Number of protein chains: 2
Amino acid sequence: MSELSRNFFLDLDRCDELASFRDEFHLPEDLIYLDGNSLGAMPLSAKQRAIDVVEREWGQDLITSWNKNNWFHLAEKLGDKIARLIGVGLGEVMACDATGINLYKLLAMALDMRPDRKVIVMEGSNFPTDNYTAQGLIKHLDRGHQIRFAEKDDILTAITDDVAVVSLTQVHYKTGHLLDMEEITNKAHEVGALVIWDLCHSAGALAVDLNNCNADFALGCGYKYLNGGPGAPAFIFVARRHQGKAMQPLTGWWGHAAPFAFEKDYRPADNIQQTLTGTQPILSLAVLECGLEIFERADMAKIREKSMNLCDYFIGLVEEHCEEYGLSLATTRHREERGSQVSFQHEKGFAIMQALIASKVVGDFRAPDIIRFGFTPLYTRYVDVWDAVICLKNIMENELWRKPEYNQLTAVT
Amino acid sequence: MSELSRNFFLDLDRCDELASFRDEFHLPEDLIYLDGNSLGAMPLSAKQRAIDVVEREWGQDLITSWNKNNWFHLAEKLGDKIARLIGVGLGEVMACDATGINLYKLLAMALDMRPDRKVIVMEGSNFPTDNYTAQGLIKHLDRGHQIRFAEKDDILTAITDDVAVVSLTQVHYKTGHLLDMEEITNKAHEVGALVIWDLCHSAGALAVDLNNCNADFALGCGYKYLNGGPGAPAFIFVARRHQGKAMQPLTGWWGHAAPFAFEKDYRPADNIQQTLTGTQPILSLAVLECGLEIFERADMAKIREKSMNLCDYFIGLVEEHCEEYGLSLATTRHREERGSQVSFQHEKGFAIMQALIASKVVGDFRAPDIIRFGFTPLYTRYVDVWDAVICLKNIMENELWRKPEYNQLTAVT
């Protein structure tokens, strides 16, 4: 890549069909934000939407908003907007609750549908909250279930005919590797198992095609690539063929077949509504819509193409400019096999990331030694890639990461 | 009450020490809002807080807000603010998730702590989502648990030594009757059972004294009397003596003893933090604080006194002015035995409430025949009681409820 210059990247931005989407986000001046895979940037429309929900819908319309401003149907409406991004149909997704809670519902349903099987296959090295959720569930059920942890290359062989459910995060939170959804789902179905896909690092980052893969269940996050705001509600997908077949255990009145009949006994809705528990945090949910509306005008294929380009350039430039500083690529070089992030390992990773952040290049650190950079094509520019690498080079070359304030492990970013 | 006039109530407002709190809320002009027990009114500070969270904390500070703006500790900080209102200590409450989800956690913990007992005592006629939650849980566990439904006067006799947990809503959502927390908790403990108190209609309405009653667990709602905004996160209380003794099953990373160690296996925190699952909806949670801040300056004893007065006057005036129209009091006359609401039964209740709402007196209807009026002393005036009753009288006297548009049962308020 030695022929490349900053101007080359500026030219790429000038030709980028997605470039204008950046104008729809608020991004602090001079900041290169490569952490949208942890918390997506703020759509400019979010401020007005928040004001409107607080002032008009809550303040002025008060209780009538449940009907007048469609609060009752917001979870479904937003679910339908997410459906397109993950390759499923209307009425198969709800935007609700949090990822861990949605995973709990799905795991419980899946185990219920495979009562004679006791094994859950998971990827032990991925973000641990999914492991924790499964561990909490099986301890609570106390029926001899166990988790079979497998790493990327062993997943297919781990899926044997004693497996009830395969529960995997499609993109690895540290390395960014992308699992083959179709191959794994097929293997699971061959042996009679069900599959839950955690799309936390996929939805909005790449075109997910759940129904084409015949996936059973999925969940994902609203506040990363979907730009829904801090702690925005998550989403949950149940393939239509499974709806009404198993009951999720968090049975609140919103999941009742007739929520306003106030019947004494629970009677589950036979559609996606049964995934709901109770009242949703309307303000957070409403603001999530601002992020989703932007995606309605964006082409996921173009997003994916730009994402792969950004990652490729970043890898290439780091390896060219920072070759001698011991940064080791933790992400695959194969663009089709990774999500929208690039990670490098370095024993001083924590301090390096602190130095980057102090220089206004924001990625994040994942213990013990990963520095992680997320690329969000709706607002990351090609020139950001160049500028970030030059900043990293400066830090490495001058050993700026040695500063004591960058080596205090109390800071969490 | 025949000596009373509108001026009498205006005088009461002039002498009311709580009167100035009304200025801290947005209330639509000419509206008499008696539905704060369903959705509390908007604190004026909520708008600026929402803008600040969206624009500065999310938009500008982005990922650094988790530390810089204290997002990680918001659930605990707000929990501590709620603690005072329900008579418990710091570190015993978290503001998080939704009521049904928090009830699920507590029921699971309680059953786990009483493994040899199979009975849950509940009040069948109360708001059914609590029943649904318990039904979902015991179906899921499939260990022979059963719910013993008892009504108010039979609760004590239903608490026998086969009972694992008594799970009750302190104030009945329809009739407003207030259960005797101390007596019931004592009886439960005598037979070795645990108690969960659902404070949805109590917190912020009356001084709850959980620790004085030696209560085990509690949960409640942020969006009714606490004025936290639509679907605001709920709260959960675990008495300190029970913390670390049982694991709640929704085990996400926020409940881990070391959430940022990203350990593969779940290891529960041994304090109130273990009630957390994962990332909370920060915007909704932050705005809940606006409602709680108002309570920091309000005296719960005065709130309770005014609440009882408002209810007494309302009952007296309805019975005086609407005597001949067949409205039958569904709430007790004993002020100490009710929450902060008054309900009347009438076979045309639905249409009567629609007519009231059209006349800008907002209460709500609960099937089959209850019209319900909530009194929220922070912003309900004494004169509102007078004006609401005069409006009701006009509707009954002139049979305005007969209008066809008030009899279309599709409307839900």
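About the criteria used
- Residues numbered from 1 in each chain as written.
- Chains lettered and ligands numbered in written order.
- Predicted model: local features only at pLDDT ≥ 70, side-chain atom pairs only at ≥ 80, totals over all residues.
- Helix = DSSP H or I, 4+ residues; strand = E, 2+ residues; numbered from the N terminus.
- Rg over C-alpha atoms; globule rule 2.2 N^0.38 Å.
- Buried ≥ 20, exposed ≤ 12 C-beta atoms within 10 Å, placed from the backbone.
- Contact = placed C-beta atoms within 7 Å.
- Bend = angle between axes of the 7 residues up to and from the residue.
- Least-squares fit on C-alpha atoms with pLDDT ≥ 70 in both.
- Pairing = 2+ DSSP bridges.
- Axes fitted to C-alpha atoms, helices over the stretch in contact; angles between N-to-C directions.
- Domains from an automatic or database assignment.
- Nonpolar A, V, L, I, M, F, W, Y, C, P; charged D, E, K, R; others polar.
- pLDDT = per-residue confidence, 0-100.
- Parallel < 35°, antiparallel > 145°, perpendicular 65-115°, else oblique.
- Left-handed = near helix turned anticlockwise from the far one by under 90°.
- Expected span 1.5 Å × (residues − 1).

1. What about the overall build of chain A?
Move 1: Each helix and strand in chain A was counted, giving twelve helices and 15 strands.
Move 2: Against the 2.2 N^0.38 benchmark of 22 Å for 413 residues, chain A shows a C-alpha radius of gyration of 22 Å, consistent with a compact globule.
Move 3: Burial analysis of chain A (413 residues in total) assigns 56% to the buried set.
Move 4: For chain A, contacts bridging at least 24 residues in sequence account for 73% of all contacts bridging at least 6.

2. Considering helix H2 (residues 45-60) of chain A
Because the α-helix completes a turn every 3.6 residues, residues three or four places apart line up on one side.
Move 1: Remark: the principal bend of H2 of chain A, roughly 30°, maps to valine 53 of chain A.
Move 2: Along H2 of chain A, the positions that sit buried rather than exposed are Ala46, Arg49, Ala50, Val53, Val54, Glu57, Trp58 and Gly59 of chain A.

3. Observations concerning the relation of the copies chain B and chain A
Here two copies of a chain appear, and what relates them is a rotation about an axis with a shift along it.
Move 1: Rotating chain B by 180° and translating it 0.0 Å along the rotation axis places it on chain A, where the RMSD comes to 0.0 Å. Taken together, the turn and the small shift mark the pair as related by a two-fold rotation axis.
Move 2: When the interface residues of chain B are mapped onto chain A, 99% of them are again interface residues, pointing to one common binding face.

4. A word on the sheet that holds strand S9 (residues 217-220) of chain B
Residues and elements named next belong to chain B.
Move 1: Spatial ordering of the open sheet is given by S4-S10-S9-S8-S7-S5-S6, a layout of seven strands whose pairing is mixed. This sheet does not close on itself; its edge strands, each paired only once, are strand S4 (93-96) and strand S6 (146-149). With strand direction ignored, the average angle separating the axes of adjacent strands in the sheet is 20°.
Move 2: Where strand S5 (residues 119-122) lies against strand S7 (residues 163-169), three bridges are found, and the strand directions are parallel. Bridge pairing in S7 links isoleucine 120 to valine 165.
Move 3: Across the sheet, helix H4 (residues 74-85) lies against S4 and strand S10 (234-238), angled at about 120° from S4, the strand it touches most.

5. Section: the domain arrangement of chain A
Residues and elements named next belong to chain A.
Move 1: Each assigned domain of chain A is listed here: domain 1 (6-44 + 299-407) and domain 2 (70-296).
Move 2: Computed from C-alpha atoms alone, the centre-to-centre distance between domain 1 and domain 2 is 29 Å.
Move 3: Taken together, the contact pairs 28 residues of domain 1 with 22 residues of domain 2.
Move 4: Considering each element in turn, the side of domain 1 that touches domain 2 owes the most residues, four residues, to helix H10 (residues 300-321).
Move 5: Of the residues contributing to the side of domain 1 that touches domain 2, the split by class is ten nonpolar, twelve polar and six charged.

6. Regarding the interface of chain B and chain A
Move 1: Each partner contributes to the interface: chain B provides 73 residues, whereas chain A provides 72 residues.
Move 2: Put simply, the parts of the chain that give the side of chain B that touches chain A at least two residues each are helix H2 (45-60), helix H3 (65-68), helix H5 (99-113), helix H6 (129-141) and helix H9 (282-296) of chain B.
Move 3: Grouping the amino acids of the side of chain B that touches chain A by side-chain chemistry returns 38 nonpolar, 27 polar and eight charged.

7. Re the environment of threonine 251 of chain A
Move 1: Tracing the sequence through the fold places threonine 251 of chain A in the loop between strand S10 (234-238) and helix H9 (282-296).
Move 2: We classify threonine 251 of chain A as buried; it has 29 C-beta atoms within 10 Å.
Move 3: Here the alpha-carbon distance between threonine 251 of chain A and tyrosine 266 of chain A, two residues 15 residues apart in the chain, equals 7.4 Å.
Move 4: Excluding anything up to four places from it in sequence, threonine 251 of chain A contacts Tyr266 and Pro268 of chain A together with Tyr132, Thr133, Gln135 and Gly136 of chain B.

8. Side note on the sheet that holds strand S15 (residues 370-374) of chain B
Residue and element names in this part refer to chain B.
Move 1: With respect to topology, four strands assemble into an open sheet ordered S11-S12-S15-S14, the strand pairing being antiparallel. Each end of this open sheet is capped by a strand with a single partner; those strands are strand S11 (328-329) and strand S14 (364-366).
Move 2: Two strands pair when backbone bridges link them, and S11 and strand S12 (residues 341-345) are joined in this way by two bridges, in the antiparallel orientation. Along S12, the bridge assignment pairs serine 328 with glutamine 345.
Move 3: Most of the contacts of helix H10 (residues 300-321) go to S12, to which it runs at about 25°, and overall it touches S11, S12 and S15.

9. A closer look at the confidence of the model for chain A
Move 1: Across chain A, pLDDT averages 96, with 98% of residues at or above 70.
Move 2: On the interface metric, ipTM, the complex scores 0.97, and its pTM is 0.97.

10. A short note on the packing of H9 of chain A against H9 of chain B
Move 1: Remark: H9 of chain A packs on H9 of chain B, axes separated minimally by 7 Å, with the N-to-C direction vectors making an angle of 140°. The angle between H9 of chain A and H9 of chain B falls in the class oblique. Crossing geometry of H9 of chain A relative to H9 of chain B is assigned as right-handed. Each of Leu283, Ser284 and Val287 of chain A in H9 of chain A lies in contact with H9 of chain B, whose residues at this interface are Leu283, Ser284 and Val287 of chain B.
Move 2: Within the contact of H9 of chain A with H9 of chain B, the residues separate by chemical class into four nonpolar, two polar and no charged.

11. Overview of unusual backbone geometry
Residue and element names in this part refer to chain A.
Move 1: The omega torsion across alanine 367 and proline 368 is 0°, close enough to zero to call that bond cis.
Move 2: Here proline 368 shows up in the loop between strand S14 (364-366) and strand S15 (370-374).
Move 3: The backbone of asparagine 70 shows a phi angle near 70°, a positive value even though the residue is not glycine.
Move 4: Here asparagine 70 lies in the loop between helix H3 (65-68) and helix H4 (74-85).
Move 5: Judged by the 13 C-beta atoms lying within 10 Å of it, asparagine 70 falls in the partly exposed class.
Move 6: Of note, the phi angle at aspartate 142 is positive, near 55°, even though the residue is not glycine.
Move 7: In this fold, aspartate 142 is placed in the loop between helix H6 (129-141) and strand S6 (146-149).
Move 8: Overall, aspartate 142 belongs to the exposed group, with 11 C-beta atoms counted inside 10 Å.

12. Observations regarding the packing of H4 of chain A against H9 of chain A
Residues and elements named next belong to chain A.
Move 1: Where H4 contacts H9, the two axes come as close as 10 Å, and the packing angle between them is 30°. Overall, the two elements H4 and H9 adopt an arrangement that is roughly parallel. Relative to H9, H4 is oriented so that their crossing is left-handed. For the pair formed by H4 and H9, the contact residues are Leu74, Ala75, Leu78, Lys81, Ile82 and Leu85 on the first element and Ile282, Leu285, Ala286, Leu288, Glu289, Leu292, Phe295 and Glu296 on the second.
Move 2: In terms of residue class, the contact of H4 with H9 is built from eleven nonpolar, no polar and three charged.

13. Thoughts on H10 of chain B
Residue and element names in this part refer to chain B.
Move 1: For H10, built from 22 residues, the straight-helix expectation of 32 Å at 1.5 Å per residue is met to within 8% by its first-to-last C-alpha distance of 31 Å.
Move 2: Of all the positions in H10, only Met300, Ile303, Lys306, Ser307, Leu310, Cys311, Tyr313, Phe314, Ile315, Leu317 and Val318 are classed as buried.
Move 3: Contact partners of the buried residues in H10: H4, S11, S12, S15 and helix H12 (382-397).

14. Digging into the pairing of S9 of chain B
Residues and elements named next belong to chain B.
Move 1: Because side chains alternate across S9, one face comprises the buried residues Phe217 and Leu219, and the other comprises Ala218 and Gly220, equally buried.
Move 2: Direction of pairing for strand S8 (residues 194-198) relative to S9: parallel, over a ladder of three bridges. When the sheet's bridge partners are listed, isoleucine 196 is paired in S9 with phenylalanine 217.

15. Quick word on the environment of valine 171 of chain A
Residue and element names in this part refer to chain A.
Move 1: Secondary-structure assignment places valine 171 in the loop between strand S7 (163-169) and helix H8 (181-190).
Move 2: Sequence separation between valine 171 and leucine 194 is 23 residues; the distance between their C-alpha atoms is 19 Å.
Move 3: Ignoring sequence-local partners within four residues, the contact set of valine 171 consists of Gly176, Leu178, His201, Ser202 and Gly339.

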